[in-house]
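# A look at the structure
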Amino acid sequence: MTCKLLLVDDHALIRAGVRALVQDIPGYTVIGEASDGAQLLEQFSALLPDIVLLDLSMKHTGGLDALQQLKRAYPKSRVLILSMHTDPELIMRALESGAHGYLLKDTTANELEHALLALRNNERYLSPAIAHTVINQALVRSQGPATPAAHSHNLTARQLEILRLIVRGKSTREIAHGLGLSIKTVEAHRSQIMKRLQIFDVAGLVLFAVREQIISLDD
């Protein structure tokens, strides 16, 4: 089935450029566009897209406000941030506000396709280009002494390995290929990790991994 996308950006040229990229990716189609938060809610209600591609810098209603309003009205909506901003605090706020992924606007068409596939499969996607930035911000936010990982959870060695890769922005397909596992096996591990930790968002996993010394800036 074709995956339906809604583009939200206050620059018509940007929307046209993203639409052109999407048209070259099989299985996806742009069904609507919006230029601010109010239009986003109107278009989402009318069109019910599968994925929203949202810019963070917009006139009137800012991207973060628009994201928060959308998640309050439609908690299950899937949102991929497409932004020029690399500010670590802004990225963390977007993830904590419910974004399922974050891409920079200078991304390649190939990475856009990877991100869309991840969200289509109900996964999270964090661009490798900003993974280090997010980890660094998590380090800044971490307070108090870190607890040795082995004493704070029941993750297996394989699950810890997969958690490190998730936090670094790797998709399920990339993890499976790198570890020589099937996609279904990685998906099962991902599900178990989140259930055992009771953490279901990228920002939370990053903060946990940093606090428990599972990952550092040297990884």
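Residues numbered from 1 in each chain as written. Predicted model: local features only at pLDDT ≥ 70, side-chain atom pairs only at ≥ 80, totals over all residues. Heavy atoms only, no water.

### Observations regarding the nonpolar core
Counting 52 residues, the largest nonpolar core has Val-52, Leu-54, Ile-81, Tyr-102 and Leu-163 as its most contacted members. No other element matches helix H10 (residues 202–211), which puts 7 residues into this core. Leave out the neighbours within four places in its chain, and Tyr-102 touches Leu-56, Leu-80, Ile-81, Ser-83, His-85, Ile-91, Ala-94, Tyr-125, Leu-126, Ser-127 and Ile-130. Residues Ile-25, Tyr-28, Ile-51 and Ala-115 belong to the second largest nonpolar core, which totals 19 residues. (Core = buried A, V, L, I, M, F, W, Y, C linked by side-chain atoms within 4.5 Å. Buried < 20%, exposed > 50% of the residue type's maximum accessible area, 1.4 Å probe, protein only. Helix = DSSP H or I, 4+ residues; strand = E, 2+ residues; numbered from the N terminus. Contact = heavy atoms within 4.5 Å.)

### Points about empty space enclosed by the protein
With a probe scaled to a water molecule rolled over the atoms, the places where space remains empty come into view. Taken as a whole and assessed by the stated rule, the structure comprises 2 cavities of 30 Å³ or more. In this model, the largest cavity occupies a volume close to 70 Å³. The element best represented in the lining of the largest cavity is helix H1 (residues 12–23), accounting for 3 residues. Of the residues belonging to the lining of the largest cavity, the class tally is 7 nonpolar, no polar and 3 charged. Counted as a void, the second largest cavity has a volume near 40 Å³. Surrounding the second largest cavity, Arg-124, Tyr-125, Leu-126, Ile-166, Gly-169, Lys-170 and Val-202 form its lining. (1 Å grid on protein atoms, 1.4 Å probe; cavity = no way out; pocket = protein on both sides within 12 Å on 5 of 7 lines; lining within 4 Å. Points joined across faces, edges and corners; volume = space filled by probe spheres on them. Nonpolar A, V, L, I, M, F, W, Y, C, P; charged D, E, K, R; others polar.)

### Observations regarding the packing of aromatic side chains
By the definition in use, this model includes 1 aromatic pair. Here the aromatic rings of Phe-44 and Tyr-74 are separated by 4.6 Å at their centres, their planes lie at 45 degrees, and the arrangement is tilted. Highlighted residues: Phe-44 in helix H2 (residues 37–47) and Tyr-74 in the loop between helix H3 (63–73) and strand S4 (78–83), separated in sequence by 30 residues. Look at Phe-44 and you get buried, because its relative accessible area is 6%. A relative accessible area of 26% means that Tyr-74 is categorised as partly exposed. (Phe/Tyr/Trp six-rings, centres within 6.5 Å; stacked < 30°, edge-to-face > 60°.)

### Looking at the sheet that holds strand S2 (residues 28–34)
Ordered by their spatial adjacency, 6 strands build an open sheet running S2-S1-S3-S4-S5-S6, and the pairing between neighbours is parallel. The two strands at the open ends of the sheet, each matched to only one other strand, are S2 and strand S6 (125–126). Examined bridge by bridge, strand S5 (residues 101–104) and S6 share 2 bridges and lie parallel to one another. The partner of Gly-101 across the bridge, within S6, is Tyr-125. (Pairing = 2+ DSSP bridges.)

### A few points about the pattern of salt bridges
Any two side chains of opposite charge can pair if their charged atoms end up close together. What the rule picks out here adds up to 5 salt bridges. For Asp-9, the salt bridge identified is with Lys-105, shortest N-O distance 2.8 Å. One end of the pair, Asp-9, is in the loop between strand S1 (3–8) and H1; the other, Lys-105, is in the loop between S5 and helix H5 (109–120), with 96 residues separating them in the sequence. A salt bridge links Glu-33 to Arg-19; the shortest N-O distance between them is 2.9 Å. Of this pair, Glu-33 sits in strand S2 while Arg-19 is found in helix H1, placing the two residues 14 residues apart along the sequence. Because the salt bridges share partners, they merge into one network encompassing Asp-9, Asp-55 and Lys-105. (Salt bridge = Lys/Arg side-chain N within 4 Å of Asp/Glu carboxyl O.)

### Comments concerning the UniProt feature "modified residue: 4-aspartylphosphate" (unreviewed entry) in the protein chain
When the UniProt feature table is mapped onto this chain numbering, "modified residue: 4-aspartylphosphate" (unreviewed entry) sits at Asp-55. Note on placement: Asp-55 falls in the loop between strand S3 (51–54) and H3. Contact partners of Asp-55, with chain neighbours within four places excluded, come to Val-8, Asp-9, Asp-10, Gly-63, Leu-82, Ser-83 and Lys-105. (UniProt positions renumbered as here; feature names shortened; annotations may be inferred.)

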